[in-house]
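# Structural characterization, general
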Amino acid sequence: MKNNIASWFEIPTTVFDRAVKFYETVFAVKLEILDLGDLKMARFPSVGEAPGSQGSLVNHNKFYHPSENGVLIYLTSPSGDLNSDLKKVEEAGGKVIMPRRQISEAFGFMALILDSEGNRIALHSMT
């Protein structure tokens with residue numbers, strides 16, 4: 001079996017607890033906290049054998065800095081309804097920077113947000 005090219009992602013944080021709350025609120029999940037001394041991680045849960053890559057929030061003063069430029073991560077819409085998810089983003093302290101729009105019939109829809117830390121993240125849904 002071949003794997004997707006992405007194997008892991010890390011989303012930088014400035015205020016770790018605020019970022020954990022943001023992602024737990026928007027995605028309705030519980031993140032697993034790992035305190036590794038000067039590095040903190042909050043791991044997103046996996047869903048059995050479901051396709052996709054795992055990842056975490058990360059906090060380290062020297063090596064991770066949030067950015068709204070650079071690499072763009074697409075995260076799957078937790079509800080399948082981007083408009084509903086975008087309301088949660090703003091309620092959780094984020095900002096919608098591009099509302100829901102169709103990529104194509106084959107690839108579905110996307111929206112761009114800034115998370116609570118200032119990272120640009122895409123949300124994706126087929127509907």
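In short, a report on the structure. This structure is a prediction, so every number in the text was calculated from the model and none was measured.

### A closer look at the pattern of salt bridges
- Scanning all chains against the criterion turns up 3 salt bridges.
- For arginine 18, the salt bridge is made with glutamate 117, and the minimal N-O distance between the two is 2.7 Å. Note that arginine 18 is positioned in helix H1 (residues 16-27) and glutamate 117 in the loop between strand S7 (108-114) and strand S8 (120-125), a separation of 99 residues in sequence.
- As a salt-bridge pair, arginine 43 and glutamate 32 come within 2.7 Å of each other at their nearest N and O atoms. Of this pair, arginine 43 sits in strand S3 (residues 39-43) while glutamate 32 is found in strand S2 (residues 32-36), placing the two residues 11 residues apart along the sequence.
- Note on glutamate 32: relative accessible area 37%, which makes it partly exposed.

### Topic: the sheet that holds strand S6 (residues 95-104)
- If you walk across this open sheet you meet the 4 strands as S5-S8-S7-S6, and the pairing is mixed. At either margin of the open sheet sits one strand with a lone partner, and together these are strand S5 (73-76) and S6. Taking each pair of neighbouring strands and ignoring which way they run, the sheet shows an average axis angle of 25 degrees.
- One ladder, built from 6 bridges, connects S6 with S7; its direction is antiparallel. Its bridge partner lying in S7, serine 104 is registered against glycine 108.
- On top of the sheet, H1 reaches S5, S7 and S8; it is set at about 45 degrees to S5, its chief contact.
- Against the sheet, helix H2 (residues 82-91) touches S6, S7 and S8, its axis set at about 165 degrees to S6.

### Thoughts on the layout of surface pockets
- A volume near 190 Å³ is recorded for the second largest pocket.
- For the second largest pocket, the lining is made up of 13 residues, of which Glu10, Pro12, Val71, Ile73 and Asn119 are closest to its centre.
- Among the secondary structure elements, those contributing two or more residues to the lining of the second largest pocket are strand S1 (8-12) and S8.
- Here the element with the most residues in the lining of the second largest pocket is S1; it accounts for 4 residues.
- Partitioned by chemical class, the residues of the lining of the second largest pocket number 7 nonpolar, 4 polar and 2 charged.

Conventions adopted
Residues numbered from 1 in each chain as written. Predicted model: local features only at pLDDT ≥ 70, side-chain atom pairs only at ≥ 80, totals over all residues. Heavy atoms only, no water. Salt bridge = Lys/Arg side-chain N within 4 Å of Asp/Glu carboxyl O. Helix = DSSP H or I, 4+ residues; strand = E, 2+ residues; numbered from the N terminus. Buried < 20%, exposed > 50% of the residue type's maximum accessible area, 1.4 Å probe, protein only. Pairing = 2+ DSSP bridges. Axes fitted to C-alpha atoms, helices over the stretch in contact; angles between N-to-C directions. Contact = heavy atoms within 4.5 Å. 1 Å grid on protein atoms, 1.4 Å probe; cavity = no way out; pocket = protein on both sides within 12 Å on 5 of 7 lines; lining within 4 Å. Points joined across faces, edges and corners; volume = space filled by probe spheres on them. Nonpolar A, V, L, I, M, F, W, Y, C, P; charged D, E, K, R; others polar.

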